[in-house]
Amino acid sequence: MNTRLLLVGCGKMGSAMLEGWLAKGLKSDNVYILEQAEAAEKLSTRYGVHGITDVAEVPPDFIPQVILFAVKPQVLPDVIDSYKPLVRAETVFLSVAAGKTIDFFAGHLGETARIVRAMPNTPAAVSRGMTVMCPTDNVSQAQRDMCETLLATVGMVSWVSDESLMDAVTALSGSGPAYIFHLVEAMAQAGEAAGLPADQAMMLARQTVVGAGFLLDASEETASTLRENVTSPGGTTAAALSVLMDAQNGLPDLMTRAVEAARKRSVELAG
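Residues numbered from 1 in each chain as written. Predicted model: local features only at pLDDT ≥ 70, side-chain atom pairs only at ≥ 80, totals over all residues. Heavy atoms only, no water.

Before going further, it helps to spend a moment on the overall build of the chain. Each helix and strand in the chain was counted, giving eleven helices and eight strands. Based on the C-alpha atoms only, the size of the chain along its principal axes is roughly 70 × 40 × 35 Å. In the chain, 61% of the contacts between residues at least 6 apart in sequence involve partners at least 24 apart. For the chain, the exposed surface amounts to about 15,100 Å²; the carbon and sulfur share of it is 56%. (Helix = DSSP H or I, 4+ residues; strand = E, 2+ residues; numbered from the N terminus. Contact = heavy atoms within 4.5 Å. Areas by Shrake-Rupley, 256 points an atom, 1.4 Å probe, with all protein chains shown as cover.)

Here it is in structure tokens:
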């Protein structure tokens, strides 16, 4: 893994990716990390990478193959223009900054810039993420492969060619972890209502969701089949599912409305 990389921002997400890359054999000498002075020094000492505080510190003979923006979206408008001198055919700009569109980057970097917009989610911090990417037409297959290799270190990767679908991606997988965390809260509250102590109800709810996720990941069965395997006709699970799967007020309708609300908000924010 010899990719020449400039990583802009190295918080939780950036650190998780960096550790994954180095574990996969990425040469630390091929990595420049742009961060604040104290953080840049610590990263340089810890990982053996080049820590810098300004894009002007990138040596002229170091041509990044990937420039990865892992900073907060609100930071980008103030710094993005300084990367325009690095635009070249052999460099792809990869962004994991939520809500920043390809048009935003093209507007600052120019139409010739090769851009990949990515939407990861927070489980990437523990290498269990889901990332969806959308490239501009001028991104080569080799550059797509480089981006996929980099982000596959923190989970699964998928692609869309239509950027408008990134709003649905944001609503489903980007915001999705919060839905699962709220499910745990709701299950724990239901356990309390059924008579369990609060701490025990939370432990049962939390471990049930964690265990079910591991089972889903380890199994070749579909989610529907796994659900059916747990559900005995006329049993307790069937009784609960009759409420959750109700056509009028059940979970499918509620989740559809929730995801659509998130998708519409994503459109508003991007616009």
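Tallied over the full model, the rule gives seven salt bridges. A salt bridge links E19 to R46, with the nearest nitrogen and oxygen atoms 3.5 Å apart. Of this pair, E19 sits in helix 1 (residues 12-23) while R46 sits in helix 2 (residues 37-47); the two residues are 27 residues apart in sequence, bridging distant segments of the chain. (Salt bridge = Lys/Arg side-chain N within 4 Å of Asp/Glu carboxyl O.)

Turning our eyes to something else, we now look at the packing of helix 6 (residues 166-174) against helix 7 (residues 176-193). Running from amino to carboxyl end, helix 6 crosses helix 7 at an angle of 30 degrees, the nearest separation of the two axes being 5 Å. The angle between helix 6 and helix 7 places the two elements in the roughly parallel class. Taking contact as the criterion, the partners of A171, L172, S173 and G174 in helix 6 are, on helix 7, G176, P177 and Y179. (Axes fitted to C-alpha atoms, helices over the stretch in contact; angles between N-to-C directions. Parallel < 35°, antiparallel > 145°, perpendicular 65-115°, else oblique.)

Moving on, we get to the sheet that holds strand 7 (residues 129-135). Ordered in space as 3-2-1-4-5-6-7-8, the eight strands form an open sheet in which the pairing is mixed. The sheet is open, and its two edges are formed by strand 3 (50-52) and strand 8 (155-159), each paired on a single side. On average, each strand axis in the sheet is tilted by 20 degrees relative to the strand beside it, whichever way the strands run. Alignment of strand 7 against strand 8, held across five bridges, turns out to be parallel. (Pairing = 2+ DSSP bridges.)

Between helix 7 and helix 8 (residues 198-218), the least distance of the axes is 8 Å, while the angle of their chain directions is 140 degrees. On the basis of their axis angle, the class for helix 7 and helix 8 is oblique. The hand of the helix 7/helix 8 crossing is right-handed. Judged by residue contacts, I180, L183, V184, M187, A188, G191 and E192 of helix 7 engage A198, A201, M202, A205, R206, T208 and V209 from helix 8. Along the lines of polarity and charge, the residues of the contact of helix 7 with helix 8 split into ten nonpolar, two polar and two charged. (Left-handed = near helix turned anticlockwise from the far one by under 90°. Nonpolar A, V, L, I, M, F, W, Y, C, P; charged D, E, K, R; others polar.)

Turning our attention to helix 4 (residues 102-109). I102, F104, F105, A106 and L109 are the residues of helix 4 that are buried. Elements that come into contact with the buried residues of helix 4 comprise strand 4 (66-69), helix 3 (76-79), strand 5 (92-95), strand 6 (114-119) and strand 7. Just beyond helix 4, the residue with positive phi is G110, at close to 105 degrees. (Buried < 20%, exposed > 50% of the residue type's maximum accessible area, 1.4 Å probe, protein only.)

In this section: helix 2. Turning to helix 2, its buried residues number three or more, namely A40, L43 and Y47. Down the axis of helix 2, the smallest arc covering the buried residues is 65 degrees, so these residues share one side. Those residues of helix 2 that are exposed and angled more than 90 degrees off the buried face are A37, E38, E41, K42, T45 and R46. On its buried face, helix 2 sits against helix 1, strand 2 (31-34) and strand 3. Among the residues trailing helix 2, G48 stands out with phi positive, at a value near 80 degrees. (Arc of directions from axis to C-beta.)

W21, L68, L94 and M133 are the most contacted members of the largest nonpolar core, which totals 31 residues. The contacts of L68, once residues within four sequence positions are left out, are L5, L6, L7, V8, M17, W21, L94 and V96. (Core = buried A, V, L, I, M, F, W, Y, C linked by side-chain atoms within 4.5 Å.)

Before going further, it helps to examine the layout of surface pockets. The volume enclosed by the second largest pocket comes to roughly 810 Å³. For the lining of the second largest pocket, the element with the highest residue contribution is helix 1, accounting for three residues. Considering only residue class, the lining of the second largest pocket consists of 17 nonpolar, nine polar and four charged. (1 Å grid on protein atoms, 1.4 Å probe; cavity = no way out; pocket = protein on both sides within 12 Å on 5 of 7 lines; lining within 4 Å. Points joined across faces, edges and corners; volume = space filled by probe spheres on them.)

Limitation: the analysis is restricted to geometry and does not speak to function.
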